[in-house]
Amino acid sequence: AQRVTQPEKLLSVFKGAPVELKCNYSYSGSPELFWYVQYSRQRLQLLLRHISRESIKGFTADLNKGETSFHLKKPFAQEEDSAMYYCALISGAQKLVFGQGTRLTINP
Amino acid sequence: EAGVTQFPSHSVIEKGQTVTLRCDPISGHDNLYWYRRVMGKEIKFLLHFVKESKQDESGMPNNRFLAERTGGTYSTLKVQPAELEDSGVYFCASSQDLGAYEQYFGPGTRLTVT
């Protein structure tokens, strides 16, 4: 079964501290994994995808097939990073399977 | 260019009533998706249109939900009759073509059934 797990519903860190949002998945086959973000009063938007291996807004995420994880990391958190973050995978049928989301709060 | 739009932004109805949600995808996007987030739970897939055809409706919860996409443009999602457990945020997303993994989301419609 396809499943995405984000163990932390809430995560609070101080500005300038490193941040890591955890994501684990179960999927038979080669998954395509994503992080979506929803800032306050904005719509859900793609933050990054594992196939592009890029850094967006200082965030990176590495797919670890051995641990079936796709954790999102940023070395120095900024206040504007406060948002709801969703890890997701896409199945062959083109539908996104989301985790429950992690609300990240950056304290000044 | 306008993004995905949804109407209404918020709907409050009584149990047993009917509600119709509308989604206008980005112009030229053949793929249209409906998702739902029920309170405290994850965002879940409902169905996927390719143009006017239903490609995958495996996520539709029951036959009280009816989705249509007239002429392959905008889509409607009707809930009839609404039940309390239908409350949540309904998201629409669109993408340009199959294999285009980025789905662009609308702002969502918050449905409250009382």
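Our subject is the structure listed above.
Since the structure is predicted, the reported quantities are computational estimates derived from the model, not experimental observations. (Residues numbered from 1 in each chain as written. Chains lettered and ligands numbered in written order. Predicted model: local features only at pLDDT ≥ 70, side-chain atom pairs only at ≥ 80, totals over all residues. Heavy atoms only, no water.)

A. Broad picture of the interface of chain A and chain B. Listed as interface residues are 19 residues of chain A and, on the opposing side, 22 residues of chain B. Taken together, both faces of the contact between chain A and chain B bury some 1800 Å²; the carbon and sulfur share is 53%. Taken together, chain A and chain B are joined by one salt bridge. Across the pair E102 of chain B and R49 of chain A runs a salt bridge, and its minimum N-O distance is 3.2 Å. (Contact = heavy atoms within 4.5 Å. Buried area = accessible area lost by both parts, 1.4 Å probe. Salt bridge = Lys/Arg side-chain N within 4 Å of Asp/Glu carboxyl O.)

B. Structural detail: the sheet that holds strand β1 (residues 5-7) of chain B. Residue and element names in this part refer to chain B. With respect to topology, four strands assemble into an open sheet ordered β1-β3-β8-β7, the strand pairing being antiparallel. The two strands at the open ends of the sheet, each matched to only one other strand, are β1 and β7 (65-69). Taken over all neighbouring pairs, the strand axes of this sheet differ in orientation by 15 degrees on average, direction set aside. Bridge analysis of β1 against strand β3 (residues 19-24) gives three bridges, and the strand direction is antiparallel. The residue bridging T5 from the neighbouring strand is D24, located in β3. (Pairing = 2+ DSSP bridges. Helix = DSSP H or I, 4+ residues; strand = E, 2+ residues; numbered from the N terminus. Axes fitted to C-alpha atoms, helices over the stretch in contact; angles between N-to-C directions.)

C. Quick peek at unusual backbone geometry. Residue P8 of chain B is bonded to the preceding F7 of chain B through a cis peptide linkage, with omega at -5 degrees. At the junction of Q80 of chain B and P81 of chain B, the peptide bond is cis and its omega measures out at -10 degrees in the coordinates. On the secondary structure map, P81 of chain B appears in the loop between β8 (75-79) and β9 (88-95). The residue R41 of chain A is not glycine, and still its phi comes out positive at about 65 degrees. Note that R41 of chain A resides in the loop between β5 (32-38) and β6 (45-49). Non-glycine residue K51 of chain B carries a positive phi angle of around 55 degrees. Relative to the assigned elements, K51 of chain B resides in the loop between β5 (43-50) and β6 (53-56). Classification of K51 of chain B by relative accessible area gives partly exposed; the value is 44%. (Buried < 20%, exposed > 50% of the residue type's maximum accessible area, 1.4 Å probe, protein only.)

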